[in-house]
Structure formats: structure tokens, C-alpha cells
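Reading the structure
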Amino acid sequence: MFIALLWKSFREILLTVPLAMVVLSVITYLQMPARSDQVQSTASSYASLLACLGGAYAMVLGLLQTWPLRRTDVRGWLFSHPAPRWHFYFADLFAAVAAYLLAILVPWGIAWIWLGQVAPATRPASPWDLMPGLLVYLAALSFHPASVWMMNRPSSWFGSRTFVLALPGLLTFLAFIGLETALPAWGWGLVIATVVLFVVLYPLIAGEAYTRLSNAPSRVYRRRSDVGDNNDRPGFARLAYCVAVLASTAIVCLAAWMLVVVPLDSSLFAPTQGLIDDVMFAGDGNPCFVRKAYVWNEDRGYRHYETQEAWLLNPELEMFHEVSQLEPVEANQIANLKQASYVTNMSWFGAQPPFREFVQDYFGTGPGGLSWHPTYDGVYHAYVPRQSVQVEEDLLQVVMDRNGFGSTEAPFHPYHAITNFSSALESHLPSPSLTGDVFFLADAEGLYQASLGERRVETLLSEKIDGFAVMIDPARENIIAFILAGDTLRLYAVESDEPGVALPKRMTEEEHKRGGERAPWPRLRFDEQIEIKLPPDWYAPLAGEPTKQGLTHWLLPRLDGGWLLIQQRAMSSIKRLDIDASNQIVARTSYYLPRAKPSPLVRDLLVTSLIPVVTASAALFELAGPQNHVELPRVTDRVLLLLCLGFVLAHSLLAWWFTEKACTARRLSIRSTTTWRCASVFLGLITPLLVLSFHHRIASVSCHACDRMIRVDEPRCPHCTAAWKPVEHLGIEVF
Amino acid sequence: MSDLEPDQQCDRFAIHAAGLTRYFGDQLVVDRLDFCIPKGKVTALLGLNGAGKTTTIRMAMGLLDPTRGECRTLGENSRELSTRTLQRIGYLVEGHYLPGWMRVSALERFARSGRAHWDADRFRSLIEHFRIRSDQRVGRLSRGQRAGVSLACVLAADPELLILDDPALGLDPVSRRALNEALVEFAGGTTRQGAARTVLLSTHLIDDVERIADDIAVMIGGRLLVHTSLANFTTRVGRWMLHVDESGVSARFHRELHGLVEARRACGHWELCIANGDADIKAQIARALEVGGGEANASIEQMETSLNDLVIAYLSTEGSESFREANEHVGA
């Protein structure tokens with residue numbers, strides 16, 4: 001019987017397959033790289049499109065299979081066939097999976113084969129670019145059981161019926177993000193566990209709804225009565241119940257994150273848009289933290305940053321770990337601040353996402369006529385541009401890795417973090433023409449210098465690197481490279497390794513305008529100068545976060561010949577490390593950044609009060625948690641946070657009270673009521689809404705014995721345990 | 001919760017309901033039904049539209065859970081009918097739904113899968129009876145032909161219990177006759193295992209009932225008012241003509257006359273339909289007239305009655321005041 005059911009189910013949705021196949025083929029075709037000088041983010045955009053289309057197609061399949069079953073005659077005809085109800089469901093599920101896979105496999109398979117043939121020779125792509133799309137498409141299949149569940153839920157379309165679609169949405173999004181993002185091991189474990197859990201759970205829950213809930217349109221879940229007989233409650237109904245609560249919790253947390261944490265983050269701490277932070281020297285040589293705003297200079301015809309505010313980074317008041325107040329620099333003194341150094345953004349070499357894709361990286365035009373060079377999986381690819389060799393399609397001319405040109409055996413590691421720091425150096429040494437021929441690379445295992453003209457790659461430095469940046473001292477015009485590896489900070493002086501050939505000097509503005517040319521880069525030499533062991537609160541965040549976003553470092557020379565290392569984290573705090581000439585740490589100081597634009601207090605309070613106490617606490621913990629290395633904020637912020645917590649508490653009490661009312665209105669048992677009360681602590685004011693949507697109003701009548709209202713599905717009165725009154729005879733019955 | 005004991009119903013009853021109740025939201029559709037459908041009999045379920053017939057059948061088939069109470073079909077709780085039990089049941093849905101994209105031959109293949117005993121000859125003869133070719137697409141069949149295919153699918157499975165939900169709905173007289181003939185022939189036999197066949201037929205066509213049913217059940221407003229053999233029903237319910245002026249049949253008369261199903265004014269006299277009347281029914285009516293303030297010596301004559309008249313009289317009670325009063329306190 002199952003085979004017959006499977007055949008019938010598949011036949012009923014068969015017509016959708018060619019249609020879906022055409023749509024997916026068009027999408028796949030459009031996502032294929034057309035030319036080698038147009039690197040598309042194939043993996044990412046293809047995955048996002050397939051996530052949307054796959055979810056929609058899975059839903060369509062689910063609706064096509066379950067919508068007709070709303071008709072009593074269709075339902076009666078089908079389910080009167082001698083097979084367990086689960087067979088009907090699994091036949092639908094398997095047929096949908098088959099149709100779903102069939103629709104993608106043809107276009108995807110053709111694209112895979114085609115890319116395998118043309119890439120990377122004529123296209124900067126790999127067949128593996130298509131894999132994230134397929135995986136996300138598979139994750140979006142969870143919309144099928146979700147739509148089956150939705151259709152079989154005896155709920156209102158304007159109530160909670162569509163609510164079950166939220167979780168597959170989150171799941172697909174999670175899969176997409178997981179494939180796109182570099183995650184630590186526990187993050188990957190969490191993603192895989194979540195996906196596996198729902199791949200198993202969701203079809204089972206949908207099956208439970210298909211087989212059981214659809215028979216019970218006047219109530220959603222059976223429940224254990226407080227007294228007397230127990231109704232049997234299907235096992236998966238409990239599961240469905242838990243998952244629904246889980247889904248709503250996820251949505252609440254997401255909403256809380258969007259509504260509260262983000263506004264809090266931007267309101268309690270300095271907003272960053274249009275602003276750039278820097279460190280400059282005051283006239284007395286003391287460092288100042290400055291906030292600059294982007295300004296377009298009409299007269300000069302180029303952009304520049306103007307210092308808006310500045311604060312003195314006072315030397316330590318006490319030794320070691322003292323939180324200091326920032327002292328503002330007076331407005332008339334701001335113009336006298338001097339540039340301390342030019343520091344490149346630090347490149348971090350951490351975890352890598354599971355799927356690679358071609359990343360475009362321009363070196364500039366070299367003597368070989370190579371115009372552009374995307375990287376893939378740690379290997380540089382250099383393509384001959386169409387216009388220069390008059391060929392129909394661009395051709396891959398050469399590949400390069402750490403072993404040199406023509407090799408793919410020793411890719412740079414990790415693949416995505418190869419940093420061409422030539423442009424970083426040159427951005428601080430303005431020149432009308434970039435050298436192009438010679439460029440510098442950094443990866444997690446060393447620093448390299450490559451020459452396109454000579455087809456040569458040399459290792460300048462071979463050691464473990466977590467983070468790498470270059471600093472140019474404007475006064476001395478020397479280049480300092482600093483490398484973070486674990487808890488160690490190493491400083492290197494960058495010198496020319498070719499006798500008689502000096503490093504290119506920074507050009508003046510006049511030279512820059514005249515368009516003067518600068519000598520090409522000689523071979524560089526890295527001379528280690530200092531090795532410093534950083535205190536734990538400095539290197540912990542470096543090791544803790546895979547992305548290390550928002551972590552900025554400045555390295556400044558001190559007058560006494562030592563160094564000043566400044567770390568700014570997440571726009572929230574500044575740490576200062578004083579290193580003397582003998583390379584010893586002499587002081588550590590932490591500062592809080594002032595709020596650039598205070599946000600209205602009322603808005604903060606209102607927004608915060610929208611989320612329940614537990615989520616709010618979690619949000620605050622996230623903001624002020626130890627992993628952020630942010631000490632308690634200033635007094636005004638503390639007052640603000642306390643007020644917010646007060647509102648959150650009031651909100652939780654209201655949620656508790658409304659939940660109580662909702663449970664009473666639905667006549668829930670004491671146990672259910674208690675469960676929902678506890679849930680209100682986590683979910684807040686959404687809890688009474690959930691109660692009203694999950695538990696249908698069951699008709700109630702008054703008990704003939706005690707006159708209190710009882711639900712019609714009760715086997716007997718829960719108040720007085722009286723049985724139902726027998727049917728009253730009219731005298732015309734004939735039996 | 002159940003009042004049913006397994007050993008009570010397995011052998012004798014095909015369907016056994018106890019306290020069967022079903023609400024749709026606030027609406028009470030089936031109200032505490034207690035009934036047994038004996039094996040080997042054809043039972044006709046009658047009632048107005050919305051009386052709860054289809055809901056009762058769907059609960060018996062496990063297509064709908066009861067709000068309260070329990071129904072056992074062929075000895076199993078209808079909420080958990082096993083495949084083996086479903087093999088013994090044939091169910092013809094109202095409207096004769098069949099997937100329109102299937103051909104008749106494909107439909108036969110689908111219908112026979114999972115069936116332990118499939119009578120291909122019977123299927124063939126039935127579709128020939130309705131002049132249907134096996135290569136025809138179901139969607140192209142007429143309503144009567146679709147009914148024929150539905151019936152052929154159900155009867156070829158050789159079910160022990162046949163449940164038909166308004167099978168003659170929308171059929172022309174010829175198709176109806178063919179359907180009835182097939183049913184009569186089917187109900188008269190036994191299954192291959194020798195089990196007597198039971199038929200539960202929900203219909204509005206009382207003529208058909210008279211022709212093929214052994215027992216009759218009448219549902220009104222979700223309640224079962226009649227469930228007995230046809231012979232017993234026509235014996236215990238009678239119609240009487242009462243020559244009395246309009247004021248004679250007062251509200252008090254209605255209350256006093258026990259078993260009054262319907263009192264209808266027609267052509268200058270009253271027509272009464274009375275159930276469970278006394279041996280001396282005339283004296284009973286006279287007493288009620290006298291108490292009600294009417295003429296005690298009014299002329300009372302027994303009328304010729306047909307099953308049609310009696311059933312219609314019963315069905316008319318749904319809108320009556322006494323029935324509404326009785327249903328006001330239906331919950332408790």
C-alpha cells in the first residue's frame with residue numbers, strides 16, 4: 001500500500017517539478033560567472049537565492065499535498081484505505097523530497113559539470129561554489145513539514161497557524177550563516193546539532209499533526225485533567241508543543257536583539273557611522289584619543305577627516321588596571337594635535353568558513369600584463385585580460401602559492417586571510433602610480449614578497465601570526481610591523497635588504513600633486529626589535545573571537561624610547577599599555593569612551609522594557625560581560641541601566657498577571673498554568689498571546705451538579721467530579 | 001471514560017457508540033449518542049442536513065476524534081483503527097470523490113493495494129454495469145459513472161462493514177436504481193470469510209431505505225431519536241386524524257399527549273403523529289384534548305401511513321418548540 005501511496009503522492013505533485021526546474025535553471029544560469037574579470041560571489045548569492053526559492057517550493061509542495069485534505073470527502077476517501085495514517089504522511093513526505101531534489105539536481109548537476117570543465121581555466125570559479133547553495137536548499141526543505149504542520153493545525157489563520165513557519169526560516173538562515181561564516185568548533189557543533197535536531201524533529205512533529213491534530217479541529221492539545229480520568233495525549237503533541245514554544249522563544253530573542261541590544265549598543269556607546277577614531281599626540285607629547293569626522297573638501301577636491309573631539313589618554317593614576325576618566329582636550333588645542341602614526345587595519349588570521357569562493361584582489365598592472373588576480377583556496381590566480389590578448393574568453397595565465405609561481409601545493413593559510421599589505425603601505429606613502437609589480441603578502445604562517453615581473457615569491461618572515469599591522473612613524477618615516485601571536489606582541493623594523501637601495505619615502509602633498517614617481521620597493525627585511533608578553537585581558541579577546549571585529553590597535557613611540565600600545569574594543573573601551581625602553585610593561589590603564597551622541601533616555605527605557613527580565617539580563621550581560629573586558633559603565637549609565645531593569649521587572653510582573661488571566665480564560669489545568677507562568681519570565685508579554693493562540697477556547701457549559709462552568713471535552717466535572725447528565729428523553733424516542 | 005466493554009460489542013455489533021459527542025467550536029453537532037449497529041443488517045441513517053449523520057460516520061471511521069465519548073468500529077476504538085480493521089471496512093464518501101487525474105484502471109490498482117481480498121470480477125462487472133471503460137480518466141466520467149466506480153472500488157474489496165454516506169446524492173433515477181441493485185445484491189451475501197455483511201447507509205431517500213434497509217435510525221439536531229427495525233418503527237408510530245377546531249390543539253394539549261411527534265393542521269382537521277402510544281390511543285388523545293380545553297368527543301381516525309410520512313413527521317420535530325426546549329439544557 002505504501003508504494004501505491006507514494007506513487008499517488010508523487011504523481012500529484014509531478015507537474016510542479018518541471019516548473020520548479022525551469023525556475024531553478026534560470027537562477028543557476030544567471031549565477032554562473034560570465035567572464036573572468038567579473039568575479040561574482042557565486043557561492044553566497046546562489047545560496048541566498050536557493051534558500052528563498054527552495055523554501056517557497058517546499059511550502060508549495062506541502063500546501064499542494066495538504067490543502068485538498070481540508071475537504072471532508074477527499075480526506076474520507078484517502079484515509080479509508082487500509083494503511084496506517086503515518087504511511088500517508090511519509091508517502092507525501094518522500095514524494096515531496098523526491099520532487100524537491102529532482103527539481104534542483106538537474107540544473108545543479110549541469111552547472112557542476114560545466115564549471116568543472118571551464119573553471120578555473122576560463123572562469124574564476126569552482127564547482128564547489130555551488131555546494132553551499134545545495135546545502136541551504138536542503139535546509140529549506142524544512143518548510144515542507146512546516147507547511148504540513150501549519151495546514152493541520154486547528155488554529156486561526158489570523159492567530160498562531162502560520163507561526164510554525166518561523167523556525168524553518170530561522171533554520172535556513174542559520175544554515176546560510178553557518179556556511180558563510182567562520183565559526184569556532186562549538187559554533188559549528190551548535191549549528192550541526194540544531195540542523196540535525198530539526199531535520200529529525202520537524203517531520204515527526206508535522207507527521208503528528210497530520211495524523212492526529214487534523215482529526216481534532218475543535219481543540220489543539222489534549223491535556224491531563226486535574227481530576228478523574230486522563231485523556232491520552234499523543235507523544236509528539238508534547239514535542240510539538242515544546243518546539244512551538246522554542247520557536248517563539250527564538251523569535252522573541254531575535255526581536256529582543258534587534259529592538260533592544262542593537263539600540264542599546266548604539267545608544268550607550270558611541271555610534272561609529274561617519275566617524276573614525278585615531279590616536280594623536282598633544283603638544284606635550286601625551287597621547288590623545290580623537291574622533292574624526294569625514295569631510296569632503298570642495299576647495300582641495302579631496303576628502304579628509306577633521307578632528308571633532310579629543311580626550312587626553314592620561315597616564316595611569318594608579319598602577320595596574322585602574323579605570324580612568326577621560327579628560328577632554330580643549331577646543332582651541334585640538335588644531336595643535338599631531339599625527340602620531342599611520343596604522344593599517346589589523347589583519348586577523350583566524351577560523352575559516354567551510355566553503356571557499358574566489359575573492360577579487362587587484363595588484364595593479366604589472367609587466368606581464370596581468371590585470372587582476374583573484375584568490376581561491378589560498379592560491380593566487382592571474383588571468384590574462386581579454387582586451388590585451390584579443391581572445392574570446394579570459395584565460396588563466398598563472399597560479400601562485402607560497403612555493404612560488406605555477407604551484408598550488410602550498411597554499412597560503414588560511415585561504416581567505418592572505419593579505420596584500422602593499423596597498424596598506426602605499427596608502428600612507430601617497431604615490432600617483434602604485435608599484436604593482438612587487439607586492440607583499442601576509443598569512444597565518446609568515447610574510448612574503450612577490451614579484452610578478454620576476455615570477456618570484458620570497459618568504460620574508462616565517463612565524464605564527466594571529467594579527468598583523470604596519471605602522472609608519474610620520475616623524476621618523478620608518479616602518480614598524482607589529483605581529484600578535486597568542487599572548488606575544490613582536491615589533492619588527494622594516495628595512496631594505498638591498499644595499500644602497502632605500503625604502504620609498506613618504507611624499508609631500510606637493511610631490512603628490514606633481515605626480516612624482518617613487519622608486520620601486522626593494523626586497524624587505526624584518527628585524528625583530530621587541531617581544532612583549534601581553535597581560536591576559538589583552539590577548540584573551542584576540543583568541544576568543546574568530547572575527548575580532550571592532551578591535552583596533554595603535555602602536556606609538558614614547559619619548560623615553562619605549563612604546564605605547566593602545567587597544568580599542570567594540571567602540572566601547574580603550575586600554576593603554578605602557579612599555580618602557582627595556583621592554584617592560586610599566587602601566588596598564590583602561591578608559592571608557594564618552595558617548596558621542598546621547599540617546600533619549602525615555603526611548604531606551606521603553607525599548608528595554610519590551611523584553612522580559614531574562615532576555616534583558618542576557619543582553620546586559622552581553623554588553624557588560626567579562627568577555628567584553630568592559631568594566632561597569634559610568635555612573636550615569638549605571639542609573640540608566642538600573643532604570644531599564646526596573647522597567648523590565650515591571651514588564652515581567654505584567655506578563656505574569658496577563659498570563660494568569662489568559663490561562664483562566666482558557667480554563668487550563670493548574671499544571672499548564674504553572675508552566676506558562678514560568679514561561680512568562682522568559683517570554684514576557686508575548687506569553688499570554690501564546691496561551692491564547694496555542695490553547696483554543698473550548699466550549700464550556702455549566703455543570704448540572706455544581707453549576708460551575710466546565711469544558712465540554714472534560715469526561716466529568718473537574719470541580720465536583722459529577723458525570724455528565726444523561727440525555728433527556730422527549731417521549732418520542734423509538735428504540 | 002468508556003462505557004464499553006470489549007467483550008460486549010466485538011461479536012454482535014459492527015459499530016458501538018457510547019456517549020459519542022462532537023463539538024465544532026461552540027456548536028454541538030453530535031450529542032451523547034448511544035447506539036449499536038448489529039452485524040449482518042442494513043441500517044439506514046436518516047436526518048435533515050446538519051443533523052450530524054456525516055459527523056457520526058466520520059467519527060466511526062476514525063476521520064474525526066470525538067469531543068467526548070467513544071465509538072468502536074468492528075471492535076476497535078475508532079480513533080485507532082488498525083490496517084486490518086480498515087481492510088474489513090468499505091467507505092463511500094459523500095459526493096463520490098475520486099482523483100480526477102487517475103484512469104479507472106489505475107484507480108483499481110490503487111484501491112486494491114493493501115486489500116487482502118480483492119474481487120476483480122466484481123469490480124469489472126460493476127463498472128460494466130455503469131458502462132465505464134477501464135481506460136477512461138476519472139475526471140471525464142459523469143457523476144453517475146463516478147458513483148459507479150466508487151461503489152465498484154468499495155464493493156470489490158469485499159468489506160464486512162460497508163458505510164455509505166449519501167451514495168445517491170445527485171444521481172439520476174437509472175444510476176440510483178443500479179446503485180440500489182448493487183447494494184441489495186451485496187448486502188444479501190457474506191464475505192469470503194463467511195462473515196455477514198453490515199451496511200450503514202446515510203441517505204435522504206426514504207424509498208430506497210424501504211427497499212434495502214432492515215433497521216432505521218433517525219438523527220435530529222445531533223441526537224438519535226429512532227433506532228429500531230423498520231417493522232417496529234411503523235408499528236410503534238402512527239398517524240391520526242383529529243376533527244376538531246383550531247383551538248382544540250393547544251400548547252397544553254401538546255404537553256399532555258405523551259409521544260406526540262407532530263401535530264399539523266391540514267384541510268380543516270389535525271394530523272397527529274404519535275409514537276409509543278397506549279393500547280387505547282383514542283382515549284389517550286381524548287384525555288389530552290379535555291385537559292387542553294378542547295372537545296373530549298372529537299372524532300379521531302387512524303390514517304394510512306407510509307414510512308415516508310412517519311420519517312418526515314419525525315424530521316419536522318427539529319424545529320418544534322418541545323425539541324428546542326429539550327435541547328436548551330443539552331450540556332449539563
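Of regular secondary structure, chain B possesses 13 helices and 14 strands. Across the 332 residues in chain B, those meeting the buried criterion constitute 58%. Nonlocal contacts in chain B, meaning residues at least 24 apart in sequence, comprise 71% of its contacts between residues at least 6 apart. Accessible surface for chain B amounts to roughly 13,600 Å². Of this, 45% is attributable to carbon and sulfur atoms.

On to the confidence of the model for chain A. Residue and element names in this part refer to chain A. The predicted model of chain A averages 73 in pLDDT, with 65% of residues at 70 or higher. Counting interchain partners and residues more than four positions distant, the pLDDT-below-50 stretch residues 596-600 has six contacts. In this model residues 624-633 is a low-confidence stretch, pLDDT under 50, and it forms 28 contacts with partners more than four residues away in sequence or in other chains.

One pass over the full model with this rule turns up 14 cavities of 30 Å³ or more. Taken as a whole, the largest cavity encloses approximately 160 Å³ of empty space. Considering the residues around the largest cavity, the lining is formed by 15 residues, among which Trp-77 and His-81 of chain A together with Tyr-91, Cys-153 and Val-154 of chain B are closest to the centre. Secondary-structure elements contributing two or more residues to the lining of the largest cavity are strand S6 (89-92) and helix H6 (143-156) of chain B. Its residues assigned to classes, the lining of the largest cavity shows 10 nonpolar, four polar and one charged.

Residues and elements named next belong to chain A. Per the stated rule, a full pass over the model turns up 21 aromatic pairs over all chains. Plain terms: the ring middles of Tyr-89 and Tyr-210 are 5.5 Å apart, the flat faces sit at 50° to each other, and that makes the pair tilted. Linking Tyr-89 in helix H5 (residues 85-118) with Tyr-210 in helix H9 (residues 185-211), this pair joins segments that are 121 residues apart in sequence. Three or more aromatic residues joined by ring pairs make a cluster, and in this case those are Phe-2, Phe-79, Trp-86, Phe-88, Tyr-89, Phe-90, Phe-94 and Tyr-210. If you follow Arg-70 out to its NZ or CZ, it ends over the ring of Trp-67, 4.9 Å from the centre. Sitting over the ring of Phe-79, Arg-85 keeps its end group 4.1 Å from the ring centre.

The next thing to look at is the sheet that holds strand S7 (residues 161-165) of chain B. All names here are of chain B. The six strands lie next to each other as S6-S7-S8-S3-S9-S10, forming an open sheet whose pairing is mixed. Only two strands of the sheet have a single partner each, and these edge strands are S6 and strand S10 (223-229). The average angle at which neighbouring strand axes cross in this sheet is 15°, direction not considered. Taken together, the four bridges between S6 and S7 define a ladder with parallel strand orientation. Among the inter-strand pairings, Ile-89 is bridged to a residue of S7, identified as Leu-161. Together, S6 and S7 form the strand contacts of H6, whose direction differs from that of S6 by roughly 170°.

So, on to the interface of chain B and chain A. Counting from both sides, the interface comprises 61 residues of chain B and, opposite them, 54 residues of chain A. Carbon and sulfur atoms make up 59% of the area that chain B and chain A hide from each other, which totals about 4,800 Å². The interface formed by chain B and chain A includes zero salt bridges. Taken together, chain B and chain A are joined by four residue pairs in polar contact (both at pLDDT 80 or more). Of all the secondary structure elements, the ones that give two or more residues to the side of chain B that touches chain A are strand S1 (13-24), strand S2 (27-38), helix H3 (83-87), helix H4 (104-112), S10, helix H9 (230-236), strand S12 (260-266) and helix H13 (321-328) of chain B. With six residues, the single largest contributor to the side of chain B that touches chain A is S10 of chain B.

Glancing now at the side chain of Thr-43 of chain B. Mapped onto the elements, Thr-43 of chain B comes out in strand S3 (residues 42-47). Residues in contact with Thr-43 of chain B, not counting those within four places in the same chain, are Ile-37, Val-199, Leu-200, Leu-201, Asp-215, Ala-217 and His-227 of chain B.

All names here are of chain B. Judged by how many residues are buried, helix H2 (residues 53-60) sits mostly within the fold: seven of eight residues are covered. Looking at H2, one finds that the buried residues are Lys-53, Thr-55, Thr-56, Ile-57, Arg-58, Met-59 and Ala-60. Residue Gly-62 follows H2 closely and has a positive phi angle near 75°.

Any two packed helices are characterised by how steeply their axes cross, that is the angle between the axes, and by the distance between the axes. Residues and elements named next belong to chain A. One way to put it is that helix H2 (residues 16-31) packs onto H5 with a least axis distance of 9 Å and a crossing angle of 35°. Note on packing geometry: the crossing formed by H2 with H5 is right-handed. Residues Val-17, Ala-20, Met-21, Leu-24, Ser-25 and Thr-28 of H2 pack against Ala-99, Leu-102, Ala-103, Ile-104, Val-106, Pro-107 and Ala-111 of H5. Here the residues of the contact of H2 with H5 are counted per class, giving 11 nonpolar, two polar and no charged.

The next thing to look at is the sheet that holds strand S11 (residues 237-243) of chain B. All names here are of chain B. Overall, antiparallel pairing links the four strands, which are arranged S12-S13-S11-S14 in an open sheet. Only two strands of the sheet have a single neighbouring strand rather than two, namely S12 and strand S14 (299-302). In this sheet, adjacent strand axes meet at a mean angle of 25° when their direction is disregarded. The pairing of S11 with strand S13 (residues 269-275) spans six bridges and is classified as antiparallel. Each residue of the ladder has a partner; that of Trp-240, found in S13, is Leu-272. The sheet strands contacting helix H11 (residues 281-291) are S11, S13 and S14, and the helix crosses S11 at an angle near 50°.

Turning our eyes to something else, we now look at a nonpolar patch on the surface. On the surface, Val-22, Val-26, Tyr-29 and Leu-30 of chain A cluster together to form a nonpolar patch covering roughly 440 Å² of accessible area. Within the secondary structure layout, Val-26 of chain A lies in helix H2.

This brings us to the pairing of S3 of chain B. Residue and element names in this part refer to chain B. Within S3, six of the six residues are buried, leaving the element largely enclosed by the surrounding structure. The two faces of S3 match: Val-42, Ala-44 and Leu-46 on one face and Thr-43, Leu-45 and Gly-47 on the other face are all buried. Where S3 meets strand S9 (residues 215-220), five bridges bridge the pair, whose relative direction is parallel. By the bridge assignment, Leu-46 is partnered in S9 with Val-218.

Moving on to the pairing of strand S15 (residues 446-451) of chain A. All names here are of chain A. A large share of S15 lies buried, amounting to six of its six residues. Alternating positions in S15 separate into two faces, Gly-446, Tyr-448 and Ala-450 on one and Leu-447, Gln-449 and Ser-451 on the other, with burial throughout. In sequence, strand S14 (residues 438-443) turns back onto S15 through a hairpin of two residues. Strand direction decides the pairing type here: S15 and strand S16 (residues 456-462), joined by six bridges, are antiparallel. When the sheet's bridge partners are listed, Tyr-448 is paired in S16 with Thr-459. Once S15 ends, the chain turns through four residues before running back antiparallel as S16, passing Arg-455 with a positive phi of about 50°.

Let us look at the nonpolar core. Tyr-57 and Leu-78 of chain A together with Ile-15, Ile-163, Ile-216, Phe-233 and Tyr-314 of chain B are the most contacted members of the largest nonpolar core, which totals 153 residues. Here this core gets 14 residues from one element, more than from any other, and that element is H5 of chain A. Setting aside anything within four residues of it in sequence, one finds Leu-78 of chain A in contact with Leu-5, Lys-8, Leu-69, Phe-88 and Tyr-210 of chain A together with Phe-110 of chain B.

It is worth spelling out the environment of Val-93 of chain B at this point. As for its position among the elements, Val-93 of chain B is in the loop between S6 and H4. If sequence neighbours within four positions are ignored, Val-93 of chain B has contacts with Asp-73, Gly-76 and Trp-77 of chain A together with Asp-165 of chain B.

Two side chains of opposite charge can pair, provided their charged atoms sit close to one another. All names here are of chain A. By the definition in use, this model includes 28 salt bridges over all chains. Between Arg-711 and Asp-713 there is a salt bridge; the shortest N-O distance is 3.1 Å. For Asp-713, a relative accessible area of 6% puts it in the buried group. Members of the salt-bridge network, linked through shared partners, are Arg-456, Glu-458, Asp-497, Arg-523, Arg-525 and Asp-527.

What follows concerns the packing of H5 of chain A against helix H7 (residues 143-152) of chain A. All names here are of chain A. H7 packs onto H5 with a crossing angle of 145° between their chain directions and a minimal axis gap of 10 Å. In this structure, H5 meets H7 at a crossing whose hand is right-handed. Every residue of H7 that contacts H5 at Tyr-89, Asp-92, Leu-93 and Ala-96 is listed here: His-144, Pro-145 and Val-148. For the contact of H5 with H7, the residue count by class is five nonpolar, one polar and one charged.

Moving on to the environment of Ala-335 of chain A. Residue and element names in this part refer to chain A. Locating Ala-335 in the fold gives a position in the loop between helix H11 (331-334) and strand S6 (338-339). Note on Ala-335: relative accessible area 70%, which makes it exposed. Once the C-alpha coordinates of Ala-335 and Val-501 are considered, the two residues, 166 residues apart in sequence, prove to be 37 Å apart.

Reading guide: rules and limits
Residues numbered from 1 in each chain as written. Chains lettered and ligands numbered in written order. Predicted model: local features only at pLDDT ≥ 70, side-chain atom pairs only at ≥ 80, totals over all residues. Heavy atoms only, no water. Helix = DSSP H or I, 4+ residues; strand = E, 2+ residues; numbered from the N terminus. Buried < 20%, exposed > 50% of the residue type's maximum accessible area, 1.4 Å probe, protein only. Contact = heavy atoms within 4.5 Å. Areas by Shrake-Rupley, 256 points an atom, 1.4 Å probe, with all protein chains shown as cover. pLDDT = per-residue confidence, 0-100. 1 Å grid on protein atoms, 1.4 Å probe; cavity = no way out; pocket = protein on both sides within 12 Å on 5 of 7 lines; lining within 4 Å. Points joined across faces, edges and corners; volume = space filled by probe spheres on them. Nonpolar A, V, L, I, M, F, W, Y, C, P; charged D, E, K, R; others polar. Phe/Tyr/Trp six-rings, centres within 6.5 Å; stacked < 30°, edge-to-face > 60°. Lys NZ or Arg CZ within 6 Å of the ring centre and 35° of its normal. Pairing = 2+ DSSP bridges. Axes fitted to C-alpha atoms, helices over the stretch in contact; angles between N-to-C directions. Buried area = accessible area lost by both parts, 1.4 Å probe. Salt bridge = Lys/Arg side-chain N within 4 Å of Asp/Glu carboxyl O. Polar contact = N/O pair within 3.5 Å; in protein donor to acceptor, adjacent residues only side chain to side chain. Left-handed = near helix turned anticlockwise from the far one by under 90°. Patch = residues over 30% accessible without salt bridge, like charges linked within 9 Å, V, L, I, M, F, W, Y side chains within 5 Å. Core = buried A, V, L, I, M, F, W, Y, C linked by side-chain atoms within 4.5 Å.

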